[in-house]
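# Breakdown of the fold
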Amino acid sequence: MTVPVVVLVGPPGSGKSTVGRALAARLGVGFRDTDADIEALAGKPIPEIFIDEGEPHFRELEVRAVREAAAAHGGVLALGGGAVMAEATRALLHELPVVFLDVPLADAVRRVGLDAPRPLLVVNPRARWRELMEARRPLYLEVATAVVDTAGRTPEQVADAVLEALELKTPHD
Ligand SMILES: Nc1ncnc2c1ncn2[C@@H]1O[C@H](COP(=O)(O)OP(=O)(O)OP(=O)(O)O)[C@@H](O)[C@H]1O
Ligand SMILES: O=C(O)C1=C[C@@H](O)[C@@H](O)[C@H](O)C1
Ligand SMILES: [Mg+2]
């Protein structure tokens with residue numbers, strides 16, 4: 001079994017994919033994103049899974065994707081924004097170096113405009129984002145080894161803060 005060097009959690013727009021790629025490059029390891037794994041498994045984009053099979057089916061695929069990636073990927077792993085809602089996933093994350101990328105609503109909106117195809121944010125995205133974050137913040141905090149505030153920081157600065165928070169060395173240190 002190979003475990004990730006870093007697992008990134010946080011809400012949509014917190015920068016998990018962007019920071020994850022930057023971190024992996026800095027550490028000289030691979031990057032994996034469970035949202036991409038789920039799309040490969042289902043053979044279609046996430047919004048289509050939500051429409052065709054519904055959110056509960058997506059969440060089942062997500063638990064499986066996280067379990068498989070957490071046991072096999074030795075690099076940086078980014079999870080979907082809602083992955084922490086599953087108790088089985090949280091139990092597994094307690095054993096791993098997990099960083100919660102925190103972001104205020106204003107920054108998340110500035111970054112993504114909340115207009116990308118995010119099925120849970122289609123109707124009234126600002127209010128929905130706030131609701132999701134309120135419900136999930138305790139869960140992100142529960143699984144987090146460290147919390148990194150991303151407000152006003154570039155992805156490279158966030159990557160630096162993650163390395164520092166977990167005391168990780170890069171090949172250049
Ligand atoms: N620290 C940052 N500062 C400015 N822009 C950022 C920052 N982090 C990410 N972005 C930008 O915000 C957008 C969303 O980032 P990203 O896709 O990495 O978020 P995510 O957490 O993976 O979201 P999702 O949960 O929807 O997959 C991208 O356009 C990215 O370039
Ligand atoms: O916040 C969420 O629940 C989601 C976030 C995305 O990463 C995807 O996993 C999907 O769109 C659901
Ligand atoms: Mg992402």
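None of these values were measured; they are calculated from a predicted model. (Residues numbered from 1 in each chain as written. Chains lettered and ligands numbered in written order. Predicted model: local features only at pLDDT ≥ 70, side-chain atom pairs only at ≥ 80, totals over all residues. Heavy atoms only, no water.)

## Describing the packing of helix 3 (residues 46-53) against helix 4 (residues 55-72)
For clarity, the threshold we go by: Orientation is described by lines fitted to C-alpha atoms, with helices fitted over the stretch in contact, and by angles between N-to-C directions that extend from 0 to 180 degrees. The numbering of helices and of strands both runs from the N terminus, where a helix is a DSSP run of H or I of at least 4 residues and a strand a run of E of at least 2. Geometric relationships in this document are graded by angle, where less than 35 degrees denotes roughly parallel, more than 145 denotes roughly antiparallel, 65 to 115 denotes roughly perpendicular, and other angles denote oblique. It only takes one pair of heavy atoms within 4.5 Å for two residues to be counted as in contact. Under the convention adopted here, Pro, Cys and the residues Ala, Val, Leu, Ile, Met, Phe, Trp and Tyr are nonpolar, Asp, Glu, Lys and Arg are charged, and Gly plus all remaining residues are polar.
Interhelical geometry of helix 3 versus helix 4 gives an angle of 130° and a closest axis separation of 7 Å. Judged by the inter-axis angle, helix 3 sits oblique to helix 4. Across from I46, I49, F50 and E53 in helix 3, the residues of helix 4 making contact are E55, H57, F58, R59 and L61. Its residues assigned to classes, the contact of helix 3 with helix 4 comprises five nonpolar, one polar and three charged.

## A few points about the site of ligand 2
Just so we agree on the cut-off: The near set for a molecule or strand comprises every residue that places at least one heavy atom within 4 Å of it. Whenever a nitrogen or oxygen atom comes within 3.5 Å of another N or O atom, the pair is scored as a polar contact, on the condition that within protein one atom can donate a hydrogen and the other can accept it, and that pairs from neighbouring residues in sequence are kept only if both atoms are in side chains. The Shrake-Rupley method, run with a 1.4 Å probe sphere, supplies the accessible areas, and residue values consider only the shown protein chains as cover. Two kinds of site are reported from a 1 Å grid over the protein atoms alone, namely cavities, where a 1.4 Å probe fits but cannot get out, and pockets, open sets with protein on both sides within 12 Å along at least five of seven lines, and residues are called lining when an atom falls within 4 Å of a point. In this scheme, a molecule is assigned to a cavity or pocket if more than half of its atoms are within 2 Å of the grid points.
Close contacts around ligand 2 come from P12, D35, I46, F58, R59, E62, G80, G81, G82, P119, L120 and R136, and that covers them all. In this structure, G81 approaches ligand 2 through a main-chain N or O atom, which is 3.1 Å from an oxygen atom. Protein coverage of the free-state accessible area of ligand 2, which is 310 Å², stands at 91%. Given that more than half its atoms are within 2 Å of the pocket grid, ligand 2 belongs to the largest pocket.

## Points about the side chain of H73
Put simply, the rule is: Buried means the residue's accessible area, taken with a 1.4 Å probe over protein chains only, is under 20% of the maximum for its type, while exposed means over 50%, and partly exposed covers the values in between.
With respect to the secondary-structure elements, H73 resides in the loop between helix 4 and strand 3 (76-78). Since its relative accessible area comes to 10%, H73 is described here as buried. Looking at H73, its side chain comes within polar contact range of the main-chain oxygen of G30, at 3.4 Å. A polar contact is formed between the side chain of H73 and the backbone oxygen of V76, at a distance of 3.0 Å. Excluding anything up to four places from it in sequence, H73 contacts T2, V3, P4, G30, F31 and R32.

## Some remarks on the site of ligand 1
K16, S17, T18, R118 and R153 are the nearest of the 15 residues found near ligand 1. Between an oxygen atom of ligand 1 and a main-chain N or O atom of G13, the distance comes to 3.2 Å. Interatomic distance of 3.0 Å between a backbone N/O atom of G15 and an oxygen atom of ligand 1. Considering ligand 1 on its own, with 630 Å² of exposed area, one finds that the protein chains cover 73% of that surface. At a threshold of 2 Å from the grid points, most atoms of ligand 1 map onto the largest pocket. Counting only elements with at least two residues in the shell around ligand 1, the list comes to helix 1 (16-27), helix 6 (105-112) and helix 8 (155-166). With three residues, the single largest contributor to the shell around ligand 1 is helix 1.

No statement about biological role is implied by the geometric values presented.
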